[in-house]
Amino acid sequence: MVMDSLRYWVEQYHVDGFRFDLGTILGREPGGFDQGSGFFDAIRQDPVLSRVKLISEPWDLGPGGYQVGNHPPGFAEWNDRYRDGVRRFWRGDSGMRSDLAARLTGSAELFDRRRRRPGPA
């Protein structure tokens, strides 16, 4: 039903993407977070949904709920370290220049897995 609903919104209303709040729950399996969960696999294999923008909020309150940089290819993620680092820099906290540089250049230490580049998923 979820897949059918998402596909309907894309095809009928021309929605070009989806943001999933608390997106880590989408990958929760009995053994914990799994990039290859049924939901992620279903979306990535769907001929309609695999072509739209997919953005996940990569945290929730459950066990193992902080998964920044661990979502599968095709999913962009919010980067809370970017938000927090920029805020600390503009607030004038000391020693933030190198952190700001890392955030502005794509937070490679978090996201550069599987040759993932900054930018769209």
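Right, let's walk through the structure included here. (Residues numbered from 1 in each chain as written. Predicted model: local features only at pLDDT ≥ 70, side-chain atom pairs only at ≥ 80, totals over all residues. Heavy atoms only, no water.)

## Observations regarding the pattern of salt bridges
Proximity of charged atoms lets side chains of opposite charge pair with each other. Overall, the coordinates contain 11 salt bridges when judged by the stated rule. A salt bridge links Arg19 to Asp21, with the shortest nitrogen-to-oxygen separation between them at 2.2 Å. Exposure remark for Arg19: the relative accessible area of 45% places this residue in the partly exposed category. According to the relative accessible area criterion, Asp21 is partly exposed, its value standing at 47%. Between Arg103 and Asp99 there is a salt bridge whose closest N-O contact spans 3.0 Å. Taken together, the residues Arg103 and Asp99, both in helix H4 (residues 97-104) and four residues apart, mark about one turn of the helix. Each of the two residues, Arg103 as well as Asp99, counts as buried. Each member of the salt-bridge network shares a partner with another, and the members are Asp4, Arg7 and Asp46. (Salt bridge = Lys/Arg side-chain N within 4 Å of Asp/Glu carboxyl O. Buried < 20%, exposed > 50% of the residue type's maximum accessible area, 1.4 Å probe, protein only. Helix = DSSP H or I, 4+ residues; strand = E, 2+ residues; numbered from the N terminus.)

## Points about unusual backbone geometry
If a residue is not glycine, its phi is most likely negative; likewise, a peptide bond is most likely trans. Phi is positive for His14, which is not a glycine, with a value near 60°. Checked against the element boundaries, His14 lands in the loop between helix H1 (2-13) and strand S1 (17-20). With a relative accessible area of 65%, His14 lands in the exposed category. Phi at Leu22 takes a positive value of approximately 50°, unusual for a residue other than glycine.

## Focus on the nonpolar core
With 15 residues, the main nonpolar core has Leu6, Phe18, Phe20, Phe39, Ile43, Leu49 and Leu54 as its most contacted residues. Residue assignment for this core shows that the elements contributing at least two residues are H1, S1 and helix H2 (38-45). Beyond its immediate stretch of four places on either side in the chain, Phe18 contacts Leu6, Trp9, Val10, Leu49, Val52, Lys53, Leu54 and Ile55. (Core = buried A, V, L, I, M, F, W, Y, C linked by side-chain atoms within 4.5 Å. Contact = heavy atoms within 4.5 Å.)

## A few points about the sheet that holds S1
Within the open sheet, the three strands sit side by side as S1-S4-S5. Their pairing is parallel. The open sheet has two edge strands with one neighbour each: S1 and strand S5 (76-77). Judged from the four bridges that link them, S1 and strand S4 (residues 53-56) form a sheet pairing that is parallel. When the bridges of S4 are listed, Gly17 appears paired with Lys53. (Pairing = 2+ DSSP bridges.)

Keep in mind these numbers describe shape, not what the thing actually does.
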